[in-house]
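The lines below spell out each chain.
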Amino acid sequence: DGGITQSPKYLFRKEGQNVTLSCEQNLNHDAMYWYRQDPGQGLRLIYYSQIVNDFQKGDIAEGYSVSREKKESFPLTVTSAQKNPTAFYLCASSILGQGSNQPQHFGDGTRLSIL
Amino acid sequence: QQQVKQSPQSLIVQKGGISIINCAYENTAFDYFPWYQQFPGKGPALLIAIRPDVSEKKEGRFTISFNKSAKQFSLHIMDSQPGDSATYFCAALTQGGSEKLVFGKGTKLTVNP
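Notes on the structure follow.

Reading the values: the criteria
- Residues numbered from 1 in each chain as written.
- Chains lettered and ligands numbered in written order.
- Predicted model: local features only at pLDDT ≥ 70, side-chain atom pairs only at ≥ 80, totals over all residues.
- Heavy atoms only, no water.
- Salt bridge = Lys/Arg side-chain N within 4 Å of Asp/Glu carboxyl O.
- Buried < 20%, exposed > 50% of the residue type's maximum accessible area, 1.4 Å probe, protein only.
- Helix = DSSP H or I, 4+ residues; strand = E, 2+ residues; numbered from the N terminus.
- Pairing = 2+ DSSP bridges.
- Patch = residues over 30% accessible without salt bridge, like charges linked within 9 Å, V, L, I, M, F, W, Y side chains within 5 Å.
- Areas by Shrake-Rupley, 256 points an atom, 1.4 Å probe, with all protein chains shown as cover.

### Points about the pattern of salt bridges
Going through the model one piece at a time under the given rule, you end up with seven salt bridges over all chains. With a shortest N-O distance of 2.8 Å, D38 of chain A and R44 of chain A are connected by a salt bridge. Between K57 of chain B and E59 of chain B there is a salt bridge, and its shortest N-O distance comes to 3.7 Å. In this structure K57 of chain B comes out as partly exposed when scored by relative accessible area, which is 32%. By relative accessible area, E59 of chain B is classed as partly exposed at 37%. One salt-bridge network, in which partners are shared between bridges, spans R36, D38 and R44 of chain A.

What follows is the structure, encoded as structure tokens:
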């Protein structure tokens, strides 16, 4: 089955700690995205990548970092600089450049909480 | 300019009724408007999408109505069922650009049996 796998499903962070959320896709999609979801806030874009070894900041990139060393993987690190990291984090992927409507496919998220 | 405004924030409908969720946008460069359905603890899943060259698209009980001049679009769920209870997000995108989706803030739909 093709899809997006996010792990872990639940994650706890201690004060001053960096944590990394995993996102892997086997859809052969070019682009990958990280969103943060808070109650009543919808989905806000953190980072996105359209090609390996390149990525761009989204609307709320401060306190986060990413890498894109492989097409299928786009890990997100929540750094200690992110003072309010408690949220539901969603990874998505999509095909690019075909000139037709290509939706973003989402994983089932990681819920991050502060200890 | 980049916002998509969604209403209502929450909606309660009786089984068999019609659920209507509305969205409005400002950026006329948007050319793809998907709706996503999200169940608790899951990621959003694409429900139905429309391009601005059509005024309506129907898939089963789900219909998108699109008013280009008013820059508004809406989701209608006919014969609403308890299994439709979820959070619904509208979104907009400009294809060929950054390919970034702009999401509304979501509508929590509850369908009572």
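That was the structure; now back to the text.
### Observations regarding the pairing of strand β9 (residues 86–92) of chain B
Residues and elements named next belong to chain B. Here β9 lies mainly inside the structure; six of its seven residues are buried. Inspection of the sheet shows β9 paired to strand β11 (residues 107–112) by three bridges, in the antiparallel sense. Along β11, the bridge assignment pairs T87 with K108. Judged from the two bridges that link them, β9 and strand β10 (residues 102–103) form a sheet pairing that is antiparallel. When the bridges of β10 are listed, A91 appears paired with F103.

### Quick notes on a nonpolar patch on the surface
Nonpolar side chains collect at one region of the surface, where Y10, F12 and L115 of chain A lie side by side and expose about 380 Å² of accessible area between them. Mapped onto the fold, L115 of chain A is located in the segment after β11 (110–114).

Keep in mind these values describe shape, not function.
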